[in-house]
Amino acid sequence: MSWFKRQSQDFDTSGERKVKTEGLWVKCDQCRQIIWKKDLEENLHVCPKCDKHFRIDARTRLAQLFDNGEYTMEDGNLSSTDPLKFTDLKPYAARLKAAQKQTGLKDAIINARGLILGKPVIISAMEYSFIGGSMGAVVGETITRAIEKATKERIPIIIISASGGARMMEGTISLMTLAKISAALARLDQAGMPFISVLTDPTTGGVTASFAMLGDLNIGEPGALIGFAGPRVIEQTIRQKLPEGFQRSEFLLEHGMLDAVVHRRDLKNYIARAFEFMAVRKQGA
């Protein structure tokens, strides 16, 4: 019986071998089209039908931005000590272990350095699949270290946000990181070094309320949800229907909250040109 079951998975009733297609197709949530997964990957995880930007992990973002997809990871040895011994539906320590196993990261951030069109750059990229990209003490310390290195070595920095906000399991400690990162960015600005903030889907909560909106240039990905409280919370609070597209990057650009909305395929060249412009302006000053 076990032999029959094993064989029946590989052959149909005619005796011909089945072609397994599970995981080879992706459905776009926006246009509802079925997309060949390889085509989606080759198109930088952007729907070829409607240009919807799919969420991607931090490693993929770094590979897309750095020359030849090559970079060196730094500051990846920090992990949370679970200072409050927090428990809700499950212990925070258990959530951390599960997220670390799933992502292969210690926390929701990667610091990396490499070249963008031949110029050295440091990037801090947030990982949304690690507890919603929430920012606790480790994320705050890791981003701060990247900013301090950029300040000391006098090279530009990019922070790529993808986060639900501050990590509630660490309480006030997580909120303190908002000020910590903002203070480091103030010192970077005093040193005359540029900072570009890239806001992706989603960028919300305390991350939006702090460093994500402090860039010399704030860039949103098309269609990204960007805001502090979510649209449903706002509607329930003010008891009014929000405008169509509210809190999406295009809406924020129209209302002066972003400097640009840039397609993923154009982002690398756009950032490189921006850094060149900033360098010329600072030299002129």
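Residues numbered from 1 in each chain as written. Predicted model: local features only at pLDDT ≥ 70, side-chain atom pairs only at ≥ 80, totals over all residues. Heavy atoms only, no water.

Colleague: So what exactly am I meant to see when it comes to the environment of P194 here?
Modeller: Its place among the elements puts P194 in the loop between α6 (171-190) and β7 (195-203). Looking at P194, the relative accessible area reads 7%, which means it is buried. With 145 residues separating them along the chain, P194 and K49 place their C-alpha atoms 35 Å apart. (Helix = DSSP H or I, 4+ residues; strand = E, 2+ residues; numbered from the N terminus. Buried < 20%, exposed > 50% of the residue type's maximum accessible area, 1.4 Å probe, protein only.)

Colleague: How should I be thinking about unusual backbone geometry in this particular structure?
Modeller: Residues other than glycine predominantly adopt negative phi, and peptide bonds predominantly adopt the trans conformation. Between D201 and P202 the backbone carries a cis peptide bond, its omega angle lying at -5°. Relative to the helices and strands, P202 resides in strand β7. Unlike most non-glycine residues, K85 shows phi in positive territory, near 50°. Here K85 is to be found in the loop between β3 (71-74) and α4 (92-103). The exposure class assigned to K85 is exposed, which follows from its relative accessible area of 60%. Positive phi values are uncommon outside glycine, yet R239 reaches one of about 55°. Of note, R239 is situated in the loop between α8 (231-238) and α9 (249-254).

Colleague: So what exactly am I meant to see when it comes to helix α3 (residues 58-65) here?
Modeller: Owing to its 3.6 residues per turn, the α-helix brings residues three or four apart onto one side. Of the positions making up α3, those classed as buried are A58, R61, L62 and L65. Within α3, the buried residues cover an arc of 95° as seen down the axis, which keeps them to one side. Regarding α3, its N-cap is D57, as a side-chain oxygen of that residue lies 3.0 Å from the backbone nitrogen of R59 further along. (Arc of directions from axis to C-beta. Polar contact = N/O pair within 3.5 Å; in protein donor to acceptor, adjacent residues only side chain to side chain.)

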